[in-house]
Amino acid sequence: MLLIDRCRLTWPDFRAEYTLAVETGALCAVVGPSGGGKTTLLHMIAGFEQPESGALTLDGRSLLPLPPARRPVAIVFQDHNLFPHLTAAQNVALGLRPSLRLTDAERTAVAEALDAVELDGLEARKPGEMSGGQRQRVALARALVSHRPLILLDEPFSSLDPGLRRGMIGLVDALRRRRRITVVMTIHTPEDVMEVADQMAFVADGSVIASGPPGRVLRQYDDPRIGAFCGTG
Amino acid sequence: MRSLSHPGSLVALAILALVVGGFATLVLAGGEKPALLAIGPYLVRVLIFSTVQAALSSLLSLVFGAALALALARRRFPGRNLVVSALGLTMVMPTIVAVFAVLAVYGRSGWLAAGLHGIGIPVEISIFGYPGILIAHVFLNAPFVARIMLDALNTVPAEQWRLAQTLGFSPAQILRHLDWPALRGEVPGLAGLVFLVCFKSFAIVLALGGGPARATLEVAIYEALKIDLDFGRAAWLAFIQTALCLALTLALNWAIARPPAAQTVRALAVRPDRTDRGLLAWDSLVLVLGLLFLAPPFLSVLAGLAHVAAVLDADFARAFATSIVIAALAALMACLMALALGGAARRFRLAARMPRLAALYDALPNTLLAVPPFALTAGLFLAIRPFVDPATAGYILLPLINGLGALPFAYRFIGPRIMIAGERYGRLSASLGLRGLDRLKIMDWPILARPLGAAFALAMALSFGDFGVVALFGGTELQTLPYLLYERLGAYRLEEASSIGLLIVLVSFVLALLSGRLSHAAD
């Protein structure tokens, strides 16, 4: 289980304090208005931001002392996930071995990861030769190949068209169920949340103001910020 | 039939007519002899020297500049922003001032010799020839290279730095996957540009070359015109230089024509290699060496502050006023030409849908980098000599040639912005019926005002410190500040030279800073 307990971060113009629990193998949709602190929450879990106080654990083990590379966390961003001078296979291989000197078993793992995101046959392509959806699949394959139990997806599909976006979210859902991976993902549309998320965390003004099953959060909370997100406020 | 008439077309034709007419006059004045065979061995010597010194200067500037850029990208220290700003300013450091600075530090009686003598090592230092030329070229170009490369390194998206953190990249892997891909795109363009600048180097080679045995084509043209009055030889040398530089300029255009770098959407992330101890030691060494190499010449110019009062005489006032007027006229011409050419390029690209023709207008300013200013000036001087006296000719030709020289830089500010104004608001303006001055006022001016200011200030800075064409016309009747500095250097009046150099640098730097401010605020 991922546990975030009163993790506080302070900047001159922004303060955040997060508390959240996500079950192992669950898909937690992080939603909320722009500038509310969704990305900061994901960056804190990944280790790019260090809280001044609070606790952050995964399956009982504290993540706070660990640098980003040592955390059992993989992350996919909205853009710039791939290095443009490397092929799709090399970009995936970085998740296993940054030196790119792979063993035969690791090469097989890379091929399997690309296969899992339905990109077999495109191993030798460079990012410039791929569509936006294909590039995000490569990034997802890299997250999978590292076998880290927690994957963070920071608005990974928001630049894709609606059909492709739903397809990618469906792929993530299928993969995490098959591999029992915990996923924390920022999502913009309530329909997507309702379709795939086990849990929803509504983030606004630097804190998780509501958390639980999506239906309950979206229907039961009487907060104008949630109403505005659903288009009913 | 789409109309090709546009003020920009007239300007383009006028520029071509000036260049072709200038060279044709020079050839005709050269008389009957096709002198290429006669100057063969001399030409080969000049070409070899020009190429070798330019290649060495480029290599050293690139290596030193890249090391400085990487060190600055990785480190934060008090005064770093000042250092980064100073790097960009060497672009407008007048070459004649750089000559003075190099002599003041590394010359026979410079600071280095004095320091060595002071600690009991009486070494006879002579920097004339390759050492002086390379030091001056690297002093001027390595900071510029570092600045451009630092900008390139800053375009690595923040997301990729975070990925590097997550994936646990080592310093070598960061260099391979993040730094090098960002720098690689800049290397061909920068190498070509620095090579071109050094290949055409004039003031530095003239003053530090140590004699006629070491001449670039530009110096050889100057010597043919000013000393030997051999117009035929000058014309041949000019043709060869134009052909070589044109080829290089075209290659440069090709090298620079690449997709724009990815822009990061958030503030820069922390570089994970910043904590590596080996890199910290290396970066410290690079920064200290950079400081030791770059700071003394700057300080030698600053030392001129002590003697400023001694140079503020009538000669100085006249030269200062002349420089300002010539620089302002040159900048005005450069901006007007850039506006006209940019307007034509926009019209042919957007309205007439003739992108290839538009590309020719875009390329014209850069091709002027290939034209040797001395040969062009001499040809134009010969053409107008029957109508005006030599002193007046100088006042006409200096702003014109300096304006043409500044055009490529002015166009880089203005050309793209004119296109942006058209792309964003062209259809809207057409639908609203905006034309002529109304269109200029409402559509173009808000987007162009600051880039125009930036272009004007930079063009003025480049012209103000220029010691090129004035070497042909300079004398008692026409004196600019750089010419006055050259005279004082020639008379070994180094204290006065340092003060004049300081004042030239101050004016150039203020103008360049103004240009930078205006260009950064352009968006």
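Residues numbered from 1 in each chain as written. Chains lettered and ligands numbered in written order. Predicted model: local features only at pLDDT ≥ 70, side-chain atom pairs only at ≥ 80, totals over all residues. Heavy atoms only, no water.

**A few points about the interface of chain B and chain A**
Here is step 1 of the chain: At the junction of the two partners, chain B supplies 19 residues and chain A supplies 23 residues.
Here is step 2 of the chain: Summed over both sides, the interface between chain B and chain A buries roughly 1,900 Å², with carbon and sulfur atoms accounting for 63% of that surface.
Here is step 3 of the chain: For chain B, the biggest contributors to the area lost against chain A are B:Leu163, B:Thr166 and B:Leu167; these three give 29% of the whole.
Here is step 4 of the chain: The interface formed by chain B and chain A holds 5 residue pairs in polar contact (both at pLDDT 80 or more) in total.
Here is step 5 of the chain: Broken down by secondary-structure element, the contributors of at least two residues to the side of chain B that touches chain A are α7 (158-167) and α8 (171-184) of chain B.
Here is step 6 of the chain: If one sorts the elements of the side of chain B that touches chain A by residue count, α7(B) sits on top with 7 residues. (Contact = heavy atoms within 4.5 Å. Buried area = accessible area lost by both parts, 1.4 Å probe. Polar contact = N/O pair within 3.5 Å; in protein donor to acceptor, adjacent residues only side chain to side chain. Helix = DSSP H or I, 4+ residues; strand = E, 2+ residues; numbered from the N terminus.)

**Considering the sheet that holds strand β5 (residues 61-62) of chain A**
All names here are of chain A.
Here is step 1 of the chain: Strand order in the open sheet formed by 4 strands is β2-β1-β4-β5, with antiparallel pairing between adjacent strands. Each edge of the open sheet carries a strand with a single partner, namely β2 (14-22) and β5.
Here is step 2 of the chain: Pairing between strand β4 (residues 53-58) and β5: 2 bridges, direction antiparallel. Looking at the pairing, Leu58 lines up with Arg61 of β5.
Here is step 3 of the chain: Packed onto the sheet, helix α1 (residues 38-46) meets β1 (2-11), β2 and β4 and runs at close to 110° relative to β1. (Pairing = 2+ DSSP bridges. Axes fitted to C-alpha atoms, helices over the stretch in contact; angles between N-to-C directions.)

**What to know about the confidence of the model for chain A**
Here is step 1 of the chain: Residues with a pLDDT of 70 or more make up 98% of chain A, whose mean pLDDT is 89.
Here is step 2 of the chain: When mean pLDDT is compared element by element in chain A, β4(A) scores highest at 96, while helix α8 (residues 224-230) of chain A scores lowest at 78. (pLDDT = per-residue confidence, 0-100.)

**Topic: the pattern of salt bridges**
Where charged atoms of side chains with opposite charge meet at close range, the side chains can pair.
Here is step 1 of the chain: Within this structure, the stated rule accounts for 20 salt bridges over all chains.
Here is step 2 of the chain: A salt bridge links A:Glu17 to A:Arg8; the shortest N-O distance between them is 3.1 Å.
Here is step 3 of the chain: We classify A:Arg8 as partly exposed; its relative accessible area is 32%.
Here is step 4 of the chain: Where B:Arg271 meets B:Asp179, a salt bridge forms, and the shortest distance between an N and an O atom there is 2.8 Å. (Salt bridge = Lys/Arg side-chain N within 4 Å of Asp/Glu carboxyl O. Buried < 20%, exposed > 50% of the residue type's maximum accessible area, 1.4 Å probe, protein only.)

**So, the sheet that holds strand β6 (residues 73-76) of chain A**
All names here are of chain A.
Here is step 1 of the chain: The sheet built from 6 strands is open, its strands ordered β6-β7-β8-β3-β9-β10 with mixed pairing. Among the strands making up the open sheet, the edge pair consists of β6 and β10 (207-212). Looking at each pair of strands side by side, their axes are set apart by 20° on average, direction ignored.
Here is step 2 of the chain: Pairing of strand β7 (residues 150-153) with strand β8 (residues 182-186) involves 4 bridges; the strand directions are parallel. Considered in β8, the bridge of Leu153 is made with Met185.
Here is step 3 of the chain: The strands touched by helix α4 (residues 132-145) within the sheet are β6 and β7, with β6 carrying the most contacts at an inclination of about 175°.

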